[in-house]
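Per-entry structural report
As a plain string of letters, each chain reads:
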Amino acid sequence: MKRNLIIFIALIIILFPSISNGRTEEDLDYIDVKIGKTYELLERVRISTDSGMSIYQKDDKVDALMELPGNTMYISLSLGRYDEIDVYDDSNTYVATLPANGTVIFGEGDSETSLMSVDGKKYRGYITFIGSRNGLYVINHVNIEDYLYGVVPKEIPSLSSEEALKAQAVAARSYAYSTMNKHINEGFNVCDTTHCQVYGGYDAEQPTTNKAVDQTLGLVAEYDGNIASTVFHSSSGGHTESSENVWGGRVPYLVAVEDPFSLNTVNSKWEIVMDSDSLNQKLMSGGIDIGELRSIDIMETTESGRVVELILNGSRGSAEVSGERFRSLIGTTTIKSTLFSVGTNTDSQDMNDSTIYAATERRIQMLEGDRGKISIISGDERIGSYSDESIAVIGDRGVFTYKTPETVDISRGSVVISGRGFGHGIGMSQYGAIEMAKQGFDFEEILEHYYTGIEITKY
Ligand SMILES: [Zn+2]
């Protein structure tokens, strides 16, 4: 009997194959989220419910293909195959072989709203599986609004002011819709990490953030008739950044704005002290082989002050790296943003009458010792000048001015990197949004502040 049923299911699947890429009308409100790890060959995924389990075709969630025997099933890739999964029940009895292309979904049988447990972690909606050369992907096929319940509390503190939570809900919804194709070549829409949006499923839900999702049901940010890709970050540090300065492409609604709301919040200011040894190590392991780091020259910053390019001068050469690259070389949670400056942990770097700086084409070096009031003279005894911000020297081809604070000699001791903000700085600053909500702005005003020229509309 069971065997017949399996053949029957197989026939249905062969005769009516669902289309996995290209969303059907009915599918529009669902999103396929890859959850958890990728399971290796032979490794089993345990899925369970509180009241029965059935399998459905993705585009027909009403008529079950089959009611499974029990509340708990074990799933793994069929031996030697990437396109099929085997289903076993709780007592290790073989139940069925199904396609591993995401077309057959597992849901709770007897309940109105399906709640599935995957290796002990609960998810709303349905679970399906996609086989690949990398192993088995577990996919949560879930209504977008239900998905947002599990996203918003992972992206913003759930006890933030209500309007900030609503702004985050709309931003998360718009971002989800605008990134539906991010993983489409792998057979799903989004993953559950910071690469897409962090998603914690049912276990992560909080009453306050669920309420914010409900209160903004279906609302998205639109620009020029299209759903805006509403990227966000933790804190801008006082000035957001234009997308073209970080990702290269100009996006009309992702332009730099003054952001006083992010000035006195979490991570609005930070400072780290690194000794040159650990700096050298990080650079070395990042493939930058310039010997002992001697100095860092910040060459270019954006209008909002973020480092575009810097030069690392070492004992065996120098390397030009972007601010973003430098950030990821040292660690993106250490260097929290590219809105930083570099200094030493002694204040002797400050210009004063008893300090002499010698300049070459590439760097400025401080000469030690109390020498009284100094002037800089060239070979023919003409006198150069300096101020707090810059130093001017005369060479045989004229006068050269260097900006002193931009160059830091770190050949001795340690370096201090001080910065503002956390994250790429593009779009909404989450701590700025929280501050705006505290000051009485509503979620539309918050979103309009961070995304220039957008409109909030019903999707
Ligand atoms: Zn992703």
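Everything numeric in this text was worked out from a predicted model, so none of it was measured.

So, about the overall build of the protein. Summing up its helical and strand segments, the protein has 9 helices and 31 strands in all. Burial analysis of the protein (459 residues in total) assigns 41% to the buried set. Across the protein, every contact between residues at least 6 apart in sequence was considered, and the portion connecting residues at least 24 apart equals 65%.

As a further point, take unusual backbone geometry. Working note: non-glycine residues mostly have negative phi, and peptide bonds are mostly trans. Backbone geometry places Asp 119, a non-glycine residue, at a positive phi of 45°. Note on placement: Asp 119 falls in the loop between β9 (115–118) and β10 (121–124). A residue is classified by how many C-beta atoms lie within 10 Å of it, and Asp 119, with 14 of them, is partly exposed.

Here we come to the sheet that holds strand β5 (residues 72–77). Pairing between the strands of a sheet comes from backbone hydrogen bonds, and it takes one of two forms, parallel or antiparallel. With antiparallel pairing, the 6 strands of this open sheet are ordered in space as β7-β6-β5-β2-β9-β10. Both edges of this open sheet fall to β7 (94–99) and β10, since each of them pairs with a single strand only. Going across the sheet, the axis of each strand differs from the next one's by a mean of 30°, ignoring polarity.

This part takes up the confidence of the model for the protein. Mean pLDDT for the protein: 84, with 79% of residues reaching 70 or above. Below a pLDDT of 50 lies the segment residues 346–354, which in the model reaches 13 contacts outside its immediate sequence neighbourhood of four places, other chains included. A low-confidence stretch, residues 370–375 stays under pLDDT 50, and its non-local contacts, those more than four residues away or across chains, total 9 contacts.

Below, the discussion takes up the pairing of β7. Taken together, the 5 bridges between strand β6 (residues 84–89) and β7 define a ladder with antiparallel strand orientation. Residue pairing across strands places Ile 85 opposite Leu 98, the latter belonging to β7. Adjacent in sequence and paired antiparallel, β6 and β7 are bridged by 4 residues, among which Asn 92 carries a positive phi angle near 65°.

The next subject is the sheet that holds strand β31 (residues 455–458). Strands sit in the order β15-β14-β31 across an open sheet of 3 strands; the sheet is antiparallel. Because the sheet does not close on itself, it has two edges, and the strands there are β15 (226–227) and β31. Two strands pair when backbone bridges link them, and strand β14 (residues 219–223) and β15 are joined in this way by 2 bridges, in the antiparallel orientation. Paired with Glu 222 across the strands is Ile 227, a residue of β15.

Another aspect to go through is the packing of helix α3 (residues 162–178) against helix α4 (residues 207–215). Running from N to C, α3 and α4 cross one another at 60°; their axes reach a closest spacing of 8 Å. The handedness of the crossing between α3 and α4 comes out as right-handed. On the side of α3, the interface is formed by Glu 162, Leu 165, Lys 166 and Ala 169, while α4 contributes Thr 208, Thr 209, Ala 212, Val 213 and Gln 215. The residue inventory of the contact of α3 with α4, partitioned by class, reads 4 nonpolar, 3 polar and 2 charged.

This next bit is on the environment of Ile 105. Note on placement: Ile 105 falls in strand β8 (residues 104–108). Classification of Ile 105 as buried rests on a count of 27 C-beta atoms within 10 Å. Between the alpha carbons of Ile 105 and Tyr 56 there is a distance of 5.3 Å; along the sequence they are 49 residues apart.

A few words now on the nonpolar core. Core analysis: the biggest nonpolar cluster contains 80 residues, and Ile 446 and Leu 447 have the highest contact counts within it. Ranked by the residues each element gives to this core, the list is headed by α3, at 10 residues. Of the residues that make up this core, three or more belong to each of domain 1 (2–145) and domain 2 (218–265 + 424–458). Those residues in contact with Leu 447 that lie beyond four places of it in its chain are Ala 167, Val 170, Ala 171, Ala 221, Ile 454 and Ile 456. Counting 16 residues, the second largest nonpolar core, distinct from the first, contains Leu 293, Ile 296, Leu 310 and Leu 312.

Contact geometry of helix α2 (residues 144–155) with α4 gives a least axis separation of 9 Å together with a crossing angle of 135°. As judged from the angle between their axes, α2 and α4 are oblique. When you trace α2 past α4, the crossing you get is right-handed. Of the residues in α4, those touching α2 at Glu 145, Leu 148, Tyr 149, Val 152 and Pro 153 are Thr 209, Asn 210, Ala 212 and Val 213. Grouping the amino acids of the contact of α2 with α4 by side-chain chemistry returns 6 nonpolar, 2 polar and 1 charged.

As a further point, take the pairing of strand β18 (residues 293–301). Both faces of the sheet carry side chains from a regular strand, because those side chains alternate between them. Pairing between β18 and strand β19 (residues 307–314): 7 bridges, direction antiparallel. Bridge assignment links Asp 297 to a residue of β19, and that residue is Ile 311. Count of turn residues in the β18/β19 antiparallel hairpin: 5 residues, of which Gly 305 carries a positive phi of about 100°.

Attention now moves to α2. Across its 12 residues, α2 extends 16 Å between first and last C-alpha, which sits within 8% of the 16 Å expected from 1.5 Å per residue. Counting buried residues along α2, 10 of its 12 residues qualify, which places the element largely inside the surrounding structure. When we look at burial in α2, the residues that qualify are Ile 144, Asp 146, Tyr 147, Leu 148, Tyr 149, Gly 150, Val 151, Val 152, Pro 153 and Glu 155.

Our next topic: helix α8 (residues 430–438). Burial of α8 is extensive: 8 of the 9 residues sit out of reach of the surface. Within the sequence span of α8, burial applies to Gln 430, Tyr 431, Gly 432, Ala 433, Ile 434, Glu 435, Met 436 and Ala 437. After α8 finishes, the residue Gly 440 shows a positive phi value of roughly 100°.

Mapped onto the elements, Met 53 comes out in strand β3 (residues 53–57). In this structure Met 53 comes out as buried when scored by C-beta crowding, with 27 C-beta atoms within 10 Å. Separated by 58 residues in sequence, Met 53 and Ser 111 place their C-alpha atoms 9.5 Å apart. Other than its neighbours up to four places away in sequence, Met 53 contacts Leu 68, Asn 71, Met 73, Phe 106, Glu 108 and Gly 109.

Criteria and cut-off values
- Residues numbered from 1 in each chain as written.
- Predicted model: local features only at pLDDT ≥ 70, side-chain atom pairs only at ≥ 80, totals over all residues.
- Helix = DSSP H or I, 4+ residues; strand = E, 2+ residues; numbered from the N terminus.
- Buried ≥ 20, exposed ≤ 12 C-beta atoms within 10 Å, placed from the backbone.
- Contact = placed C-beta atoms within 7 Å.
- Pairing = 2+ DSSP bridges.
- Axes fitted to C-alpha atoms, helices over the stretch in contact; angles between N-to-C directions.
- pLDDT = per-residue confidence, 0-100.
- Left-handed = near helix turned anticlockwise from the far one by under 90°.
- Nonpolar A, V, L, I, M, F, W, Y, C, P; charged D, E, K, R; others polar.
- Core = buried A, V, L, I, M, F, W, Y, C linked by C-beta atoms within 7 Å.
- Domains from an automatic or database assignment.
- Parallel < 35°, antiparallel > 145°, perpendicular 65-115°, else oblique.
- Expected span 1.5 Å × (residues − 1).

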